Amino acid sequence: VGRTGCFMVGDDWGRPTDSICGVRFPRGTPATTVQNIEQMFGITVDPALVEKYGQVVPVHPTQLYEVGMSTLIFFVLWRIRDHGHQKGWLFLLWLVLACIERFLFECLRATDDRFFGVLTLAQVISLAIVAFGVVGLMKTRGAGATAEAA
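Residues numbered from 1 in each chain as written. Predicted model: local features only at pLDDT ≥ 70, side-chain atom pairs only at ≥ 80, totals over all residues. Heavy atoms only, no water.

Caption draft 1: Region of interest: the overall build of the protein. What the protein contains, in helices and strands, is seven helices and zero strands. Shown N-terminal to C-terminal, the secondary structure of the protein runs as helices and strands in the order α-α-α-α-α-α-α. In terms of C-alpha radius of gyration, the protein reaches 19 Å, well past the compact-globule figure of 15 Å for 150 residues. Across the 150 residues of the protein, 37% fall into the buried class. Once local pairs closer than 6 in sequence are excluded, the contacts in the protein between residues at least 24 apart make up 63%. Carbon and sulfur atoms provide 65% of the accessible area of the protein, an area that totals close to 9100 Å². Averaging the locations of the 13 positively and 13 negatively charged side chains of the protein gives two centres separated by 8 Å. (Helix = DSSP H or I, 4+ residues; strand = E, 2+ residues; numbered from the N terminus. Rg over C-alpha atoms; globule rule 2.2 N^0.38 Å. Buried < 20%, exposed > 50% of the residue type's maximum accessible area, 1.4 Å probe, protein only. Contact = heavy atoms within 4.5 Å. Areas by Shrake-Rupley, 256 points an atom, 1.4 Å probe, with all protein chains shown as cover. Lys, Arg positive; Asp, Glu negative; His and termini not counted. Charge placed at Lys NZ, Arg CZ, Asp CG, Glu CD.)

In structure tokens:
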């Protein structure tokens, strides 16, 4: 829901692209102008994009990519909801999948918070949560079936 709102106001968009998925946000927050992309995010815009589209260039709609992937994760988790694992296992699986999704789409986002070399703050946090989630998944795997049988 939140990412849909981001798309509607033109916030949290991705890097410039010439792909069929590219979206231009002339009144975005901020607008996808060459000046904003280069000055605010330090991303060099390909001159061919500027020649083709002018000063408002298309960007990856990472907000919609995230909505789509989150919906897919929901359906996967819904399908396996009757698992035989301990309580909390499904939540931990969601945590791992959601953080992997965030890590991957963060590679496409136009962002200026690359404090950790090539990684953004969101990617570093995602890696930490994935590690926590994997440990939790291993601890809760199969325990629910054993407890119910007892």
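Now that the structure has been shown, we can carry on.
Caption draft 2: Region of interest: a nonpolar patch on the surface. Taken together, the side chains of Met 69, Leu 72, Val 76 and Ile 80 define a hydrophobic patch exposed on the protein surface, amounting to about 300 Å² of accessible area. The topology assignment puts Val 76 in helix α4 (residues 62-79). The partly exposed category is assigned to Val 76, whose relative accessible area is 39%. (Patch = residues over 30% accessible without salt bridge, like charges linked within 9 Å, V, L, I, M, F, W, Y side chains within 5 Å. Salt bridge = Lys/Arg side-chain N within 4 Å of Asp/Glu carboxyl O.)

Caption draft 3: Molecular detail of the nonpolar core. Counting eleven residues, the largest nonpolar core is built from Trp 13, Phe 25, Val 34, Ile 37, Phe 41, Ile 43, Val 45, Leu 49, Val 57, Val 59 and Ala 110. Of the residues forming this core, the biggest block, three residues, is contributed by helix α2 (residues 34-41). Not counting chain neighbours up to four residues away, the residues in contact with Val 45 comprise Pro 16, Val 34, Ile 37, Glu 38, Val 50 and Val 57. Within the second largest apolar cluster, ten residues are counted, among which are Ile 73, Trp 89, Leu 95 and Val 130. (Core = buried A, V, L, I, M, F, W, Y, C linked by side-chain atoms within 4.5 Å.)

Caption draft 4: Quick peek at the packing of aromatic side chains. For the structure on display, the rule yields six aromatic pairs. Aromatic pair Phe 74 and Phe 75: ring centres 5.3 Å apart, planes at 65°, arrangement edge-to-face. Residue Phe 74 is classed as partly exposed on the basis of its relative accessible area, which comes to 44%. Put simply, the rings of Phe 74, Phe 75 and Trp 78 touch in pairs and so form one group of aromatic residues. (Phe/Tyr/Trp six-rings, centres within 6.5 Å; stacked < 30°, edge-to-face > 60°.)

Caption draft 5: Quick look at the side chain of Thr 120. Tracing the sequence through the fold places Thr 120 in the loop between α5 (89-106) and α6 (121-140). Thr 120 gets classed as buried once you look at its relative accessible area, which sits at 0%. Discounting residues that sit within four places of it in the chain, Thr 120 has contacts with Glu 106, Thr 111, Asp 113 and Arg 114.

Caption draft 6: Fine view of the packing of helix α1 (residues 2-9) against α4. Between α1 and α4, the shortest axis-to-axis distance is 8 Å and the interhelical angle comes to 160°. With respect to α4, the axis of α1 lies roughly antiparallel. In this structure, α1 meets α4 at a crossing whose hand is left-handed. Taking contact as the criterion, the partners of Arg 3, Thr 4, Cys 6 and Phe 7 in α1 are, on α4, Gln 63, Leu 64, Glu 66 and Val 67. In terms of residue class, the contact of α1 with α4 is made up of four nonpolar, two polar and two charged. (Axes fitted to C-alpha atoms, helices over the stretch in contact; angles between N-to-C directions. Parallel < 35°, antiparallel > 145°, perpendicular 65-115°, else oblique. Left-handed = near helix turned anticlockwise from the far one by under 90°. Nonpolar A, V, L, I, M, F, W, Y, C, P; charged D, E, K, R; others polar.)

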